[in-house]
Structure formats: structure tokens, C-alpha cells
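# Overview (structure and organization)
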Amino acid sequence: MNFAIETIGLTKRYGSLTAVNKLNLKVKRNTIHGFLGPNGAGKTTTIKILVGLLKPNEGTVKVLGQEVHGDQADARLSIGYMPELPKFPKHLKGSELLDIYGEMYGMTKQERREQIPKLVELVGLKGRENDPIGKYSKGMQQRIGIAQALLNNPELVILDEPSLGLDPLGMVEVRELVKAIAKEDRTVFLSSHLLFEVEQVCTHVTIINRGEALISDTLQNVLSKLSGPATLHVEVTTLSEAIVKAVKKLPFVADVTQNDNALSIDLKTLDDVRPQVSQAITQAGGIIVSMNLQRQNLESAFMKLISKQQGDEAQ
Ligand SMILES: Nc1ncnc2c1ncn2[C@@H]1O[C@H](COP(=O)(O)OP(=O)(O)OP(=O)(O)O)[C@@H](O)[C@H]1O
Ligand SMILES: [Mg+2]
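All values derive from a computational prediction rather than experimental measurement. (Residues numbered from 1 in each chain as written. Chains lettered and ligands numbered in written order. Predicted model: local features only at pLDDT ≥ 70, side-chain atom pairs only at ≥ 80, totals over all residues. Heavy atoms only, no water.)

Near ligand 1 you find 13 residues, and of these Gly40, Lys43, Thr44, Thr45 and Glu84 are the closest. Between Asn39 and ligand 1, the recorded distance is 3.0 Å, taken from a side-chain N or O atom to an oxygen atom. In the environment of ligand 1, an oxygen atom lies 2.6 Å from a nitrogen or oxygen atom belonging to the side chain of Glu84. Elements represented by at least two residues in the shell around ligand 1 include exactly strand E2 (17-27) and helix H1 (43-50). Considering every element that reaches the shell around ligand 1, the biggest residue donor is H1, with 3 residues. (Near = heavy atom within 4 Å. Polar contact = N/O pair within 3.5 Å; in protein donor to acceptor, adjacent residues only side chain to side chain. Helix = DSSP H or I, 4+ residues; strand = E, 2+ residues; numbered from the N terminus.)

What follows covers the sheet that holds strand E4 (residues 58-63). Read across the open sheet, the 4 strands follow the order E2-E1-E4-E5; overall the sheet is antiparallel. The open sheet has two edge strands, E2 and strand E5 (66-67), and neither has a second partner. With 5 bridges connecting them, strand E1 (residues 5-14) and E4 associate as antiparallel partners. Considered in E4, the bridge of Ile5 is made with Val63. (Pairing = 2+ DSSP bridges.)

Moving on to the environment of Leu223. For Leu223, the location among the structural elements is in helix H7 (residues 219-227). The buried category is assigned to Leu223, whose relative accessible area is 8%. Between the C-alpha atoms of Leu223 and Met104, which are 119 residues apart in sequence, the distance is 41 Å. Not counting the four nearest positions on each side in its chain, Leu223 is found in contact with Glu199, Leu270 and Leu298. (Buried < 20%, exposed > 50% of the residue type's maximum accessible area, 1.4 Å probe, protein only. Contact = heavy atoms within 4.5 Å.)

The coordination sphere of the magnesium ion (ligand 2), as far as protein atoms go, consists of Thr44 (OG1) and Glu84 (OE), spread over 1.9 to 2.5 Å. Taken together, the residues span a long stretch of sequence, with Thr44 in helix H1 and Glu84 in the loop between strand E6 (79-82) and helix H2 (94-104) at a distance of 40 residues. For Glu84, a relative accessible area of 34% translates into the label partly exposed. (Donors = N, O, S within 2.8 Å, 3.2 Å for Na, K, Ca; no water.)

So, on to H7. Looking only at H7, the buried set comprises Leu219, Val222, Leu223, Leu226 and Ser227. Taken around the axis of H7, the buried residues stretch over an arc of 115°, which confines them to a single face. Turned more than 90 degrees away from the buried face of H7, the exposed residues are Gln220 and Lys225. (Arc of directions from axis to C-beta.)

A few words now on the side chain of Thr45. Locating Thr45 in the fold gives a position in helix H1. We classify Thr45 as buried; its relative accessible area is 10%. Residues within four places of Thr45 in sequence aside, it is in contact with Lys12, Tyr14, Ala19, Val20 and Leu54.

In this section: the environment of Glu212. In this structure, Glu212 sits in strand E10 (residues 212-218). Remark: the alpha-carbon pair of Glu212 and Gly286, spanning 74 residues in sequence, is separated by 50 Å. Filtering out sequence-adjacent residues up to four positions away, Glu212 remains in contact with Asn21, Leu23, Ile207 and Gln309. A polar contact is formed between the side chain of Glu212 and the side chain of Asn21, at a distance of 3.1 Å.

Put into C-alpha cells, the structure is as follows:
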């Protein structure tokens, strides 16, 4: 299979610190892939290697099917890249910045004239494109950074923490923008330290910590691995053996515990199975008083996964 990004045994050391450790990363084409990990996990280092700004100590990197060697420029022509907290010259107007970058990508004057207004509109900067970047808010700077990453109509767009430093509204807007730039024949790879952000935009996720990938899968599979069994709490007027038996028989039920007239049902699924449980209890002669589905907090499950690795290493 031809991946948009494929690394094998990728390792990068800064002196005695191993920032990326034998990383095997596979990013399928035409997905929005989140690269998730806490501060210092090795996300930016990996991304800089992918775009050819850093050379790895060990391992191989393929981007869009082509092997990347540090300074090779041709693979980069099909990649759009927004660095972490992009800093652009403050005196340039947004449109001038795009024009200069467009020229660097080898776009003709005509192509730039056609493409730049479209990008300005796409990223929501229409009307502000002729203001100097020094007058842009953080959110606007991220947007011009995203526009810059799209100039060459790349097959692969790599965004390093696109919503870093933004307020909640700015984050929502950038998330919407990321969804808008993902289209057929385009892969978006973005890093983030926020699970809830990745959860809202990505189709696939890799979780990295201390330079190592902990999980890499579809968003749904990662979420279900993280969240473990949800629990359904049901209260009935009178509990009977028949009710307990009927609930235990349901294929998605892992375990049932009884407490007076209440049942705590551990589920094997993330689906909302309240209708099926309700039907089983009713058919067994029970009358339901209340029903409450409790999902594990994903953010805390994510933190647990990260700290578990750190605990394992300490032992
Ligand atoms: N130029 C450098 N020289 C020395 N150490 C570095 C350098 N760049 C990064 N590091 C270290 O490598 C590790 C990984 O850093 P990296 O910037 O890749 O993490 P990150 O996942 O992008 O973190 P963040 O979420 O804070 O952006 C960290 O321990 C960091 O201190
Ligand atoms: Mg970073």
C-alpha cells in the first residue's frame, strides 16, 4: 500500500536526548491524521524530518511514495507545511507574503493572481489581505500560515499545532478550516497536544509520547481503546433474576452488578445501546425508573495512557 507518509525506525537524537525513538508512522492517503502527544513528545521534530528540515540519525522516511533525504527538494513540492507558531515578517501584507511564497514554489504571476484571492477567501481573510501581518491577530496569523501551506495545491498538508495559542472560538474556526481544506486526493497531517481537538477533526490518530508511538489507528478504534467499557446504570421498580439473566445474555454486555433495585451494566461497545437494554428488561417483566449511560472521560484516559508509559519506564 502506498502511504502519504511512512517512516520506518525513525530516530532523532539531540545530544544524549532521544527525541524520536524508532518511530514507525503510517499515514494513509486521503485521511485527516492527527499526531497527538504531550509537550516534548517529539511531534515537531518528526514533522521537521518529514519536510526535510532535519536529518534523522536512523531510519527511513517516505513521503507520497518517495524517499526523503534531508535536502531533497522535489518531494517537498507536493507538500504544504505550516510550522509551529509561524512567524512571518510583520511589515508584509498578507497578500504579499502569499505572493512571495508562491514565487518560491515556482508559480507564475498569472497563477498567483488567480490562486491567492481564492486562498484568502478560503481561510476567511478576505478584506484583510492588504493589512500588514503585524496587525493580524494570532488566529489571522495561523490562517495566513494555512493559506501559505495550500499555495501549491499540495497532495499532503502538514500543520504543526494549527490552533496553538488561539482562544476557544479561534480554535473552532481553525478546526472548521482544517475540515474544509481536506478534500479528495489530499492528506492532512496535523499535530496537536489536545485530544478533544483531534477527536473533532481527524479520521485517524497516532498518539506519541517520548518519541514513541503508543497507538495508531482510526479515530473510532483509538477512542474505544482509550475509553474502555462504558457503564449503563439502570434502576427498576423491582429487580428479579429473570431481568438480570436477560441483561447478561445481551451480546454487548461485559458484566452486570446488582445493588438493591439498580443494575450497573459494563458494556463492550461505545454505541448507545439503551434501547436494546430497555427492551430486554421490559420483556423480562421489569419496569425501568431511570437509565444513565456513563462514558469514561477521554481526556483523563489519554492522560492515564501517557502517565502509564512514564510509570512503566520508571520501573
Ligand atoms: N533543537 C533542539 N535541541 C535540543 N533538544 C531539542 C531541540 N528541539 C527539540 N528538542 C527536545 O526534543 C524533545 C521533543 O521536542 P519536540 O519539539 O519535537 O516536541 P513536541 O511534541 O513538538 O512538543 P510541543 O507540544 O511542546 O510542541 C523535547 O524534549 C525537546 O526539548
Ligand atoms: Mg511541537
